[in-house]
Amino acid sequence: MPAHGQPNRLPEEWPTFSESFYSTTNEFMYSDLHNIMRLRDTLKGKARETVEPLLGSSANMEDIMSNLKDTFGRPEQLIKTQIQKVRKIPPLAKDDLNALVNFAIKASNMATFLKNAGGEHHVHNPSLLSELVAKLPINRQMEWGEKCISLNETPSILGFSCLKKDHQLNQCRNKVRCSKNNCQKFHNVLLHYEIGPNEENENAGGTVQQQPEQRNCHVMTGQM
C-alpha cells in the first residue's frame, strides 16, 4: 500500500499524514476496510496507543481519524510546536550574514505556517517578536529598532522575510528605505554595508574588492 506520513512523534507531522491519507484514499478509491488495514500497518508509538482499541473494525474509521486529529492536529497545538522550534534557535553571532538569512527563513516559514493554521494574530505578537529580535546581535537589534520606527505599520514577524535570499524588491510588502547613515537605498537596514577606509584605498590602487554577497530587496535594482 502507498506509504504516507505518520503522526507518531510531533504535531507538525499531522498535516502531512492527513493530506496524504485522504488524497490516496480518493485517488485509489480505498474503502474503510482498505484504510483500516493501512492504519494497522502505519501507526506506531503514541499514535497507535491513541486508537488501539478502535483498530479492530473498519466501522471505526471515522472515530479513529477524529481521535488522531484531536490528539495531533489541533491548530493551537501545531502553532505552539512551531513557535517552540523557533524559540530554540541560538543567538546569532555578530556579522554572520548566512546565519542571519537562515534565521530569517525560519522566522518567515513560521509566519506562513501561523497564517495558514489560523494563528495569524501571532504574527503581530509583540512578545514573540521581541524574543526573535533578542536573538540578533546587539548592533542588529538597534538597527531593527530604527527600521520599525520608519515603518507606517505595526512591525511583525513578516519583516524578517526581507532578509531571505533572493527576496526581491518588486515583491516586497514591507518596502522601506534604509535609514543607516542617511542611506536612501531600498534594502533592509540589517543588510547595510559600507566600504571602510582600507577598502577604499585598495580600490583606488586597482585592487578588486570582494563585496559581500548581495541579497534580498536590492537584488533587482543592483543597489546596496
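Just so we're clear, the structure is a prediction, and the values are computed from it rather than from any experiment.

Even after reading the chapter, I still don't get the confidence of the model for the protein chain, so can you show me in this structure?
Regions with low pLDDT carry predicted coordinates that are not meant to be interpreted in detail. Counting all residues, the mean pLDDT for the protein chain is 74, and 66% of those residues have values of 70 or more. Least confident of the elements in the protein chain is helix α9 (residues 197–204), whose mean pLDDT is 48; most confident is helix α2 (residues 32–42), at 95. Long-range and interchain partners of residues 199–204, a stretch whose pLDDT sits below 50, account for 7 contacts in this model, where long-range means more than four residues apart. pLDDT under 50 marks residues 206–224. Its contacts with residues more than four places away, or in other chains, come to 49 contacts.

Help me out: how do you make sense of the nonpolar core in this one?
Generally speaking, nonpolar side chains in soluble globular proteins are found buried as a group. The biggest cluster of nonpolar side chains holds 23 residues, and the ones touching the most others in it are Phe103, Met110, Leu132, Leu136, Trp144, Ile157 and Phe160. Residue assignment for this core shows that the elements contributing at least two residues are α5 (75–87), α6 (97–116), α7 (126–133) and α8 (138–150). Ranked by the residues each element gives to this core, the list is headed by α6, at 7 residues. Look past the residues within four positions of Met110 in its chain and what remains in contact with it is Gln82, Ile83, Val86, Leu128, Leu132 and Ile157. One finds Leu39, Met61, Met65 and Leu68 within the second-largest nonpolar core, a separate group that totals 14 residues.

Teacher, can you tell me more about the packing of helix α1 (residues 13–28) against helix α4 (residues 61–72) here?
Between two packed helices, what matters for the description is the angle formed by their axes and the separation of those axes. The interhelical angle for the contact between α1 and α4, taken along N-to-C directions, is 160°, at an axis separation of 10 Å. Comparing the axis directions of α1 and α4 gives the class roughly antiparallel. When you trace α1 past α4, the crossing you get is left-handed. Of the residues in α4, those touching α1 at Trp14, Phe17, Phe21 and Tyr22 are Met61, Met65, Leu68, Lys69 and Phe72. Across the contact of α1 with α4, the residue classes break down as 8 nonpolar, no polar and 1 charged.

Honestly, the packing of aromatic side chains in this entry has me stumped. Any pointers?
A complete count under the given rule lists 4 aromatic pairs for this structure. Ring plane angle 40° and centroid distance 5.6 Å describe the contact between Trp14 and Phe17, whose orientation is recorded as tilted. Here the residue Trp14 and the residue Phe17 both occupy positions in helix α1, the gap between them amounting to 3 residues, near one helical turn.

Hey, could you run me through unusual backbone geometry in this one?
A negative phi holds for most residues other than glycine; trans holds for most peptide bonds. We note that Met29 has phi near 55°; this positive angle belongs to a residue other than glycine. When you line up the elements, Met29 lands in the loop between α1 and α2. Positive phi values are uncommon outside glycine, yet Asp95 reaches one of about 60°. The residue Asp95 is located in the loop between α5 and α6 in this model.

Sorry if this is basic, but what is going on with α1 here?
A turn of α-helix holds 3.6 residues, and therefore any two residues three or four places apart point the same way. Taking 1.5 Å of rise per residue, the 16 residues of α1 would be expected to cover 22 Å, and the 22 Å separating its terminal C-alpha atoms lies within 8% of that figure. Within the sequence span of α1, burial applies to Glu13, Trp14, Phe17, Ser18, Ser20, Phe21, Thr24 and Thr25. Along its buried surface, α1 packs onto α2 and α4. Backbone geometry just after α1 places Met29 at a positive phi near 55°.

Reading the values: the criteria
Residues numbered from 1 in each chain as written. Predicted model: local features only at pLDDT ≥ 70, side-chain atom pairs only at ≥ 80, totals over all residues. Heavy atoms only, no water. pLDDT = per-residue confidence, 0-100. Helix = DSSP H or I, 4+ residues; strand = E, 2+ residues; numbered from the N terminus. Contact = heavy atoms within 4.5 Å. Core = buried A, V, L, I, M, F, W, Y, C linked by side-chain atoms within 4.5 Å. Buried < 20%, exposed > 50% of the residue type's maximum accessible area, 1.4 Å probe, protein only. Axes fitted to C-alpha atoms, helices over the stretch in contact; angles between N-to-C directions. Parallel < 35°, antiparallel > 145°, perpendicular 65-115°, else oblique. Left-handed = near helix turned anticlockwise from the far one by under 90°. Nonpolar A, V, L, I, M, F, W, Y, C, P; charged D, E, K, R; others polar. Phe/Tyr/Trp six-rings, centres within 6.5 Å; stacked < 30°, edge-to-face > 60°. Expected span 1.5 Å × (residues − 1).

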